[in-house]
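Residue-level structural notes
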Amino acid sequence: MDYSLLKTLCETHAPSGEEHTMKAFLLDYINNHQRNWKVQPKLIYGSELQDCLVLVFGEPRTAVYAHMDSIGFTVRYENQLVPIGGPEAKSGYKLSGKDSLGPIACELDVNDEGQVFYKFGRGIDTGTSLTFECDFRETGEYIQSCYLDNRLGIFNCLKLAETLENGMIIFSCWEEHGGGTVPFLAKLMYEQYKVKQALIADITWVTEGVQHGKGVAISMRDRNVPRQTFIRKIIDIATDSNIPFQLEVEASGSSDGRELQQSPYPIDWCFVGAPEDNVHSPDEKVHKKDIEAMISLYRKLMSAL
Amino acid sequence: MDYSLLKTLCETHAPSGEEHTMKAFLLDYINNHQRNWKVQPKLIYGSELQDCLVLVFGEPRTAVYAHMDSIGFTVRYENQLVPIGGPEAKSGYKLSGKDSLGPIACELDVNDEGQVFYKFGRGIDTGTSLTFECDFRETGEYIQSCYLDNRLGIFNCLKLAETLENGMIIFSCWEEHGGGTVPFLAKLMYEQYKVKQALIADITWVTEGVQHGKGVAISMRDRNVPRQTFIRKIIDIATDSNIPFQLEVEASGSSDGRELQQSPYPIDWCFVGAPEDNVHSPDEKVHKKDIEAMISLYRKLMSAL
Amino acid sequence: MDYSLLKTLCETHAPSGEEHTMKAFLLDYINNHQRNWKVQPKLIYGSELQDCLVLVFGEPRTAVYAHMDSIGFTVRYENQLVPIGGPEAKSGYKLSGKDSLGPIACELDVNDEGQVFYKFGRGIDTGTSLTFECDFRETGEYIQSCYLDNRLGIFNCLKLAETLENGMIIFSCWEEHGGGTVPFLAKLMYEQYKVKQALIADITWVTEGVQHGKGVAISMRDRNVPRQTFIRKIIDIATDSNIPFQLEVEASGSSDGRELQQSPYPIDWCFVGAPEDNVHSPDEKVHKKDIEAMISLYRKLMSAL
């Protein structure tokens, strides 16, 4: 598989609150590529959806959610930083951004009390957002980069789009930091399209039970417990498909699924995604076999559900 | 009072995420008994309500919420367990469930670091849910069992249903673990029935201020502070009724009321329920006088509010 | 500026859950003063809005939110208190309230374990709410009192109302303790008035980056990260206006903005408010220049946005 699109996605600066950059990239990509897709989707976006983007293919029964935002840092006062989402912070990590004086390439510095600062030749404007500088690495077996969470979810959706006949693809915002767009996206999918099934295309953790190269993870629960009858249906489809998958059970961790569960709509959801190492760091690492399994399983689920 | 129905309710396996078992039991019970009720309710259920069940009697002004789910445990990897809700965990507690290999009766094991495991002769499928094995005990004064929280709330509603003329009874899901059905239940009660008053039929704690045998507890606040004008109205009705009750004021604890308060509907709510000892353990204990007071007060409130 | 109205607002007892007292005061004030306002607003209130109050001027494009409730304490059992919101608690603070036996003026007592009690000549009814006794102080430069958070936000709105031509002013409840009215207020502003922009008129903290007398604070983020394109628009308007302002960036703290962000409506929001010292104590202190800057900036933003 060609991963150059994934590299571009990982390099795009779009922390929570500034997803308009990713939306612009996706709109451009879709306009340039959809002529080669099996079905041309209806595109929904604009001020009614803030910076979200929705693609509707044919007669949808299931929606796939992939969040566009990433973790990062906001410049506070002097050389202080406050986190956006839950980034891994280590002295020496490279950060980039842009303020009124121009582009920024600086370094992260963590003191003994865990407070986070930047090191740069000049002061940076208060309120500027910084993200990890992207060092995209591909080997025979692995992809490694910052922001595979969740640029890989977006990549999965764009691959899925090539052959998708019926379904919704929903690019959401703020997943890493407080949420807030899933409520109106759920309203759209349920009230206007009567869609009651959702898959969360996001990235999870390598653990003792979910390992590199063993297949895409189907999460039976995380901090939230989705309706188990729906989960069992997905496991049955995956089992029949012979696509490699792993079952995940965790007490913590969360996703856009949490907001779907709490929305005033009876929407079932399940998290289905590849596992990664070095979560929320510049060195997130995913096995290529798990990426391929993820894409294959999404194709299968969107037709079978 | 005959408590055999309560015993059956306590024995039903329905942890958060698997409430369909309780819904099936209730539908069956209602179909078999409603001919003897004063008013036959309209039943609302189906995919629009996930696993919830709503009964509408006459012209409702007030809704009673009773959650169907219980706390429990999910099997993780190897012999590890993760909690569903906030169960009390002690080595030696008996757990039961079912997986692909058949029925399970195993034992809980807690290590020095507070991690929770099961002890069983074989491995249990990842994702299997386990609940406390039910040991239902009735004495002259007390009922003791796992899951009085909230099978007693359900029992209260089924007793109330026998004579209810106007009102809604709402059986909700996921109260013990993250919520998520109250938002669409609130939408239903408010948009379709214009009902703006809710009572939460759930179980609270015995404390220094709320004691066994002193009557049903009316909670003036817990983690949430409901609108005090509504609370005062309920206290006035209770005072006039001569039914024994106790006022509760707590800084913590929560219920379906929290989600009603946060819903986009102007719904007043009050928690009214019997107090119990040994909360979230296999040995929850409630005084029979408090159960009787709870049922009496619900009958009174549903006609007077 | 004459601050006697602010004094009356600060003296009004309206902790979370009992905002009806503030609503009654505001309705009375508005009825007595709106004849002198440039535009007479439409007033919306009643059981559909619980204890909230909404003023609609002309053709609104932006809504201002000011919460009516304050922090305080609820009497538990014996002489125990539990907090409403997050009040500063120090032994010797004066508290006031009212119960079935009459008015209460008592003293706060904090023990070594941080538990909070009242000292009073008699027992106080369980469930009674107590608030700080108001000691309103005005000097040449400062206003000092309990509850400037958020009576100053209300004061700002009433000053804004005098000249407002197009806009909504929304007085909300429960901001200090769990929220719950913003969801239906957001529904009203969006569904009935198509308003998608909101300003949060509330009080923030003096910090190393936001200081007394340096102007009103525009918060670029707190615990939540609002959409930065909207924040930049506000900063641009403020910059052009020559009204003194300060940029705030915090990792914590929250406001009615949080609930707007999580509502199922695509509403942009920004917190704009004067900074104070001695937050949530009887001695909250705000610089008069910052109050004046706040009112001036609200006038500017409501016409320019």
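Residues numbered from 1 in each chain as written. Chains lettered and ligands numbered in written order. Predicted model: local features only at pLDDT ≥ 70, side-chain atom pairs only at ≥ 80, totals over all residues. Heavy atoms only, no water.

Named according to an unreviewed UniProt entry, chain A is M20/M25/M40 family metallo-hydrolase originating from Marivirga atlantica.

**Brief notes about the sheet that holds strand β15 (residues 216-221) of chain C**
All names here are of chain C. So the rule is basically this: Strand pairing requires that DSSP identify at least two bridges connecting the strands. Helix and strand assignments follow DSSP, with helices taken as H or I runs no shorter than four residues and strands as E runs no shorter than two, numbered in order from the N terminus. Axis definition: a line fitted to C-alpha atoms, limited for helices to the stretch in contact. Angles are taken between N-to-C directions and run from 0 to 180 degrees. Note on contacts: a residue pair is in contact if any heavy atoms of the two residues lie within 4.5 Å.
Here we have 8 strands laid out as an open sheet, ordered β1-β2-β12-β3-β13-β17-β15-β16, and mixed in their pairing. The open sheet terminates on both sides in strands that have one partner only, identified here as β1 (42-44) and β16 (245-249). Between one strand and the next, the sheet's axes are offset by a mean angle of 25 degrees, whatever the strand orientation. In this sheet, strand β2 (residues 53-57) lies alongside β1 in antiparallel orientation, the contact comprising 3 bridges. Looking at the pairing, Ile44 lines up with Val54 of β2. Here helix α2 (residues 20-33) sits on the sheet and contacts β1, β2 and β12 (167-172); the angle it forms with β2, its principal contact strand, is near 30 degrees.

**Quick word on the relation of the copies chain C and chain A**
Note: a rotation about an axis with an accompanying shift along it relates these two copies of the chain. Heads up, the condition is: Here the copies are superposed with least squares, the fitted atoms being C-alpha atoms of residues at a pLDDT of at least 70 in both.
Each copy superposes on the other: chain C lies on chain A with an RMSD of 0.0 Å after a rotation of 120 degrees and an axial shift of 0.0 Å. In the structure described here, the two chain copies are related by an operation that fits a three-fold rotation axis.

**Observations regarding the interface of chain C and chain B**
It is common to report an interface's size as the accessible area lost on association of the parts. In plain terms, the rule: As used here, buried area is the combined drop in accessible area, with a 1.4 Å probe, of two parts when they are placed together. The rule for a salt bridge is simple: a side-chain nitrogen of Lys or Arg has to be within 4 Å of a carboxyl oxygen of Asp or Glu. Side-chain atoms alone can form a polar contact between residues adjacent in sequence; in general such a contact is a pair of N or O atoms within 3.5 Å, and within protein one must be able to donate a hydrogen while the other accepts it. Only Asp, Glu, Lys and Arg are considered charged in this grouping, and only Ala, Val, Leu, Ile, Met, Phe, Trp, Tyr, Cys and Pro are considered nonpolar; every other residue, Gly among them, is considered polar.
Each side of the interface is counted separately: chain C has 28 residues, and chain B has 30 residues. Here chain C and chain B share an interface that buries about 2300 Å² over both sides, 50% of which is from carbon and sulfur atoms. For C:Glu48, the salt bridge identified is with B:Lys196, shortest N-O distance 2.9 Å. Here chain C is connected to chain B by 17 residue pairs in polar contact (both at pLDDT 80 or more). Counting residues per element, the ones that place at least two in the side of chain C that touches chain B are β4 (72-75), β5 (81-84) and α4 (182-192) of chain C. Residues that form the side of chain C that touches chain B fall into these classes: 9 nonpolar, 14 polar and 5 charged.

**What to know about the packing of aromatic side chains**
Test applied: Note on aromatic contacts: the rings of Phe and Tyr and the six-membered ring of Trp form a pair at centre separations within 6.5 Å, being stacked when their planes are under 30 degrees apart, edge-to-face when over 60 apart, and tilted otherwise. Burial here depends on accessible area, computed with a 1.4 Å probe over protein chains only, as a share of the maximum for the residue type. Under 20% is buried, over 50% is exposed, and the range in between is partly exposed.
With the rule as written, the count across this model stands at 21 aromatic pairs over all chains. Seen from their ring centres, B:Phe25 and B:Tyr29 are 6.5 Å apart, and the 25 degrees between their planes marks the pair as stacked. Note that B:Phe25 and B:Tyr29 are positioned in helix α2 (residues 20-33) at a spacing of 4 residues, about one turn of the helix. Here the aromatic rings of B:Tyr190 and B:Tyr265 are separated by 5.3 Å at their centres, their planes lie at 40 degrees, and the arrangement is tilted. Pair noted here: B:Tyr190 is in helix α4 (residues 182-192) and B:Tyr265 is in the loop between α6 (256-261) and β17 (268-273), with a separation of 75 residues, a long-range link. In this structure B:Tyr265 comes out as buried when scored by relative accessible area, which is 4%. Connected via pairs of aromatic rings, a cluster forms that spans A:Phe73, A:Tyr93, A:Phe132 and A:Tyr147.

**Focus: the interface of chain C and chain A**
Chain C puts 30 residues into the contact, and the matching count from chain A is 28 residues. Both faces considered, chain C and chain A share a buried interface measuring about 2300 Å² in area, 50% of it formed by carbon and sulfur atoms. At the boundary of chain C with chain A, the tally comes to 5 salt bridges. Summed over the shared surface of chain C and chain A, the number is 17 residue pairs in polar contact (both at pLDDT 80 or more). Elements represented by at least two residues in the side of chain C that touches chain A include exactly α4, β15, α5 (228-241) and β16 of chain C. Classifying every residue of the side of chain C that touches chain A by side-chain character gives 12 nonpolar, 8 polar and 10 charged.

**Observations regarding the state of the cysteines**
The bond known as a disulfide is covalent and runs between the sulfur atoms of two cysteines. All names here are of chain C. What counts is decided by this rule: Disulfide: a pair of cysteine sulfur atoms within 2.5 Å of each other.
With the rule as written, the count across this model stands at 0 disulfides over all chains. With no disulfide partner, Cys146 has as its closest neighbouring cysteine sulfur the one in Cys134, 4.2 Å distant. No disulfide involves Cys270; its sulfur sits 14 Å from the nearest other cysteine sulfur, which is in Cys157. With a relative accessible area of 0%, Cys270 lands in the buried category.

**Re helix α3 (residues 148-161) of chain B**
Test applied: Every helix has an expected span of 1.5 Å times one less than the residues it contains.
Counted at 1.5 Å a residue, the expected span for α3(B) with its 14 residues is 20 Å, and the 19 Å between its end C-alpha atoms agrees. Counting buried positions over the 14 residues of α3(B) gives 14, a clear majority of the element.

**Quick notes on helix α4 (residues 182-192) of chain A**
Taken across its 11 residues, α4(A) has 9 buried, putting it largely inside the fold. A:Lys194 lies just past α4(A) and shows a positive phi near 55 degrees.

**Focus on the pairing of strand β15 (residues 216-221) of chain A**
Residues and elements named next belong to chain A. This is how it is decided: With its strands directed away from the observer, a crossover is right-handed exactly when the path from the first strand over the helix to the second travels clockwise.
A large share of β15 lies buried, amounting to 6 of its 6 residues. Pairing of β15 with strand β16 (residues 245-249), which is carried by 5 bridges, proceeds in the parallel orientation. When the sheet's bridge partners are listed, Ser219 is paired in β16 with Glu248. Once the chain exits β15 it traverses helix α5 (residues 228-241) before rejoining the sheet at β16, and the crossover so formed is right-handed. Judged from the 3 bridges that link them, β15 and strand β17 (residues 268-273) form a sheet pairing that is antiparallel. Each bridged residue has a counterpart across the sheet, and for Ser219 the counterpart in β17 is Phe271.

**Some words on the sheet that holds β16(A)**
Residues and elements named next belong to chain A. Taken in spatial order, the 8 strands line up as β1-β2-β12-β3-β13-β17-β15-β16 in an open sheet, and their pairing is mixed. Both edges of this open sheet fall to β1 (42-44) and β16, since each of them pairs with a single strand only. Each strand axis lies, on average, 25 degrees off the axis of its neighbour in the sheet, ignoring direction. This element, helix α3 (residues 148-161), spans β2 (53-57), β3 (62-67) and β12 (167-172) of the sheet and lies at about 145 degrees to β3. In this fold α5 packs onto β13 (197-200), β15, β16 and β17, with an angle of close to 160 degrees to the strand it touches most, β15.

**Quick look at the side chain of B:Arg221**
Tracing the sequence through the fold places B:Arg221 in strand β15 (residues 216-221). One polar contact links B:Arg221 to C:Thr74, side chain to side chain, over a distance of 2.9 Å. Apart from residues no more than four positions distant in its own chain, B:Arg221 is found in contact with B:Pro226, B:Glu248, B:Val249, B:Glu250, B:Ala251, C:Thr74, C:Val82, C:Pro83, C:Ile84 and C:His177.

**Re the UniProt feature "binding site: Zn(2+) 1" (unreviewed entry) in chain A**
All names here are of chain A. We count it as follows: UniProt positions are given in the numbering used here, feature names are shortened, and annotations may be inferred rather than shown by experiment.
As recorded in UniProt, the feature "binding site: Zn(2+) 1" (unreviewed entry) lies at His67, Asp149 and Asp202. The named residues occupy 136 residues along the chain; their greatest pairwise C-alpha distance, 8.8 Å, places them in one compact cluster. Relative to the helices and strands, Asp149 is located in helix α3. Taking the relative accessible area as the measure of exposure, Asp149 reaches 7% and is therefore buried. In contact with Asp149, not counting residues within four places along its chain, are His67, Glu176, Asp202, Ile203, Glu276, His280 and Glu284. Within the structure, the side chain of Asp149 is placed 3.1 Å from the side chain of His280, a separation counted as a polar contact. Relative to the elements of secondary structure, Asp202 occurs in the loop between β13 and β14 (204-205). Looking at Asp202, the relative accessible area reads 3%, which means it is buried. If sequence neighbours within four positions are ignored, Asp202 has contacts with His67, Asp149, Asn150, Glu175, Ser255, Phe271, Val272, Gly273, Ala274 and Met294. At 3.4 Å, the side chain of Asp202 and the side chain of His67 are in polar contact.

**Quick word on the UniProt feature "binding site: Zn(2+) 2" (unreviewed entry) in chain A**
Residue and element names in this part refer to chain A. Taking the numbering used here, the UniProt-annotated feature "binding site: Zn(2+) 2" (unreviewed entry) corresponds to Asp149, Glu176 and His280. The greatest C-alpha distance among the residues just named is 10.2 Å, despite their covering 132 residues of sequence, which places them together in space. Along the chain, the position of Glu176 falls in the loop between β12 and α4. A residue is classified by how much of its surface remains accessible, and Glu176, at 13% relative accessible area, is buried. Within the secondary structure, His280 sits in the loop between β18 (275-276) and β19 (284-287). For His280, the residues in contact, after removing those within four places along its chain, are Ile71, Gly86, Pro87, Glu88, Phe132, Asp149 and Glu176. Within the structure, the side chain of His280 is placed 2.9 Å from the backbone oxygen of Gly86, a separation counted as a polar contact.

**Here's the deal with the pairing of β17(A)**
All names here are of chain A. Counting buried positions along β17 yields 6 of 6 residues, so the element is predominantly enclosed. Because side chains alternate across β17, one face comprises the buried residues Asp268, Cys270 and Val272, and the other comprises Trp269, Phe271 and Gly273, equally buried. Bridge count for β13 against β17 is 4 bridges, and the pairing is parallel. Bridge pairing in β17 links Gln197 to Asp268.

**Things to note about the domain arrangement of chain A**
Residues and elements named next belong to chain A. Operational definition: Domain limits in this description derive from either an automatic procedure or a database domain assignment.
Looking at chain A, the domain boundaries give domain 1 (4-70 + 137-304) and domain 2 (72-132). Computed over C-alpha atoms, the centres of domain 1 and domain 2 are 28 Å apart. Contact with domain 1, which involves 13 residues of that partner, is made by 13 residues of domain 2. Counting each side, the surface lost to burial between domain 1 and domain 2 is near 1000 Å², with a carbon and sulfur contribution of 58%. When residues of domain 1 are sorted by the area they lose upon contact with domain 2, His13, Tyr147 and His280 head the list and together hold 42% of the total.

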